Amino acid sequence: GASGTFTVTVTVDAAATGTISNGNYTIEATGVSPTLGPVVRVPLAGPPTDVAILKTVSPGTASIGEAFTYTLVVTNNGTEIAQGVYVTDVIPSSLQLVSATTTQGICTGVSTVTCQLNDIAVSGTATVTIVATAMAGGVISNTATVAGNFNDTNTANNVATAQSSVGAPPIPALSTYGFAAFAI
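Residues numbered from 1 in each chain as written. Predicted model: local features only at pLDDT ≥ 70, side-chain atom pairs only at ≥ 80, totals over all residues. Heavy atoms only, no water.

### Thoughts on the pairing of strand S6 (residues 67-76)
Inference 1: The alternating pattern of S6 places Phe-68, Tyr-70, Leu-72, Val-74 and Asn-76 on a buried face and Ala-67, Thr-69, Thr-71, Val-73 and Thr-75 on a face that is not buried.
Inference 2: Summarising the sheet, strand S4 (residues 51-58) and S6 pair through eight bridges and their orientation is antiparallel. Considered in S6, the bridge of Leu-54 is made with Val-73.
Inference 3: Sheet analysis places S6 next to strand S11 (residues 125-134), joined by nine bridges and oriented antiparallel. Among the inter-strand pairings, Val-74 is bridged to a residue of S11, identified as Ala-126. (Buried < 20%, exposed > 50% of the residue type's maximum accessible area, 1.4 Å probe, protein only. Helix = DSSP H or I, 4+ residues; strand = E, 2+ residues; numbered from the N terminus. Pairing = 2+ DSSP bridges.)

### Things to note about the confidence of the model for the chain
Inference 1: On average, residues of the chain score 82 in pLDDT, and 67% of them are at 70 or above.
Inference 2: Confidence drops under pLDDT 50 across residues 26-30; counting only partners more than four residues distant or on other chains, this segment forms 13 contacts.
Inference 3: Throughout residues 39-43 the model reports pLDDT below 50, and contacts reaching past four residues in sequence, or to other chains, amount to 17 contacts. (pLDDT = per-residue confidence, 0-100. Contact = heavy atoms within 4.5 Å.)

### A look at the nonpolar core
Inference 1: The biggest cluster of nonpolar side chains holds 31 residues, and the ones touching the most others in it are Phe-68, Tyr-70, Val-74 and Val-87.
Inference 2: It is S11 that contributes the most residues to this core, five residues altogether. (Core = buried A, V, L, I, M, F, W, Y, C linked by side-chain atoms within 4.5 Å.)

### Observations regarding the sheet that holds strand S14 (residues 159-167)
Inference 1: With respect to topology, six strands assemble into an open sheet ordered S5-S14-S12-S7-S10-S9, the strand pairing being mixed. In this open sheet, the two strands that pair with only one neighbour each are strand S5 (61-63) and strand S9 (106-108). Taking each pair of neighbouring strands and ignoring which way they run, the sheet shows an average axis angle of 25°.
Inference 2: As paired strands, S5 and S14 are joined by three bridges and run parallel to one another. Residue Thr-61 lies in a different strand from S14, and its bridge partner there is Ser-165. (Axes fitted to C-alpha atoms, helices over the stretch in contact; angles between N-to-C directions.)

### Some words on the environment of Ser-58
Inference 1: Note on placement: Ser-58 falls in strand S4.
Inference 2: As for Ser-58 and Ala-162, which are separated by 104 residues in sequence, their C-alpha atoms are 9.6 Å apart.
Inference 3: Contact partners of Ser-58, with chain neighbours within four places excluded, come to Ala-67, Phe-68 and Thr-69.

### Overview of the side chain of Asn-157
Inference 1: Residue position: Asn-157 is located in the loop between strand S13 (150-152) and S14.
Inference 2: Within the structure, Asn-157 has its side chain in polar contact with the side chain of Asp-50 (distance 3.2 Å).
Inference 3: Apart from the residues lying within four places of it in its own chain, the contact partners of Asn-157 are Asp-50, Val-51, Ala-52, Ile-53 and Asn-77. (Polar contact = N/O pair within 3.5 Å; in protein donor to acceptor, adjacent residues only side chain to side chain.)

### Looking at the environment of Thr-71
Inference 1: Examined against the element boundaries, Thr-71 turns out to sit in strand S6.
Inference 2: We classify Thr-71 as partly exposed; its relative accessible area is 26%.
Inference 3: Spatially, the C-alpha atom of Thr-71 lies 8.8 Å from that of Val-131, the residues being 60 residues apart in sequence.
Inference 4: Once residues lying within four places of it in the same chain are set aside, the contact partners of Thr-71 are Leu-54, Lys-55, Thr-56, Thr-127 and Val-128.

Right, dumping it as structure tokens:
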């Protein structure tokens, strides 16, 4: 657990736009390379802000083969622009992803959906919509997290979970003659 102080000199492209700010950064050893030694990750963090995520699901109950729509709303509750915002949603194994879209940025992935939302202005929002089909019965708990290149002043609102339940597919109704009627 050693610590230290160092200075980083950065050359900024003349065409770059945005804000550059001083800050406290963390260096974490995340692995060891036989050639280079420790692999270091330096998270670049912008000014402090508070980004929150809210997640809902509709419908709350479905049958196997039917779809759920998850709506994730990310809001910048802070006083500074939230830079490099992204959402991660691990799709439970009892669901099959149909689509993932966002009002800004792009979503990628199948079993884990990552949506790069870019910057969110003060009081701004971005919405992610994930549609997934129920593949197995039971209670489904689906969790999403939000993070980015900023110092979040309230990490308690960076995780949101929506629960739904899946029942067996409906049984065809019996006719008045006591047998199931099927359309061919």
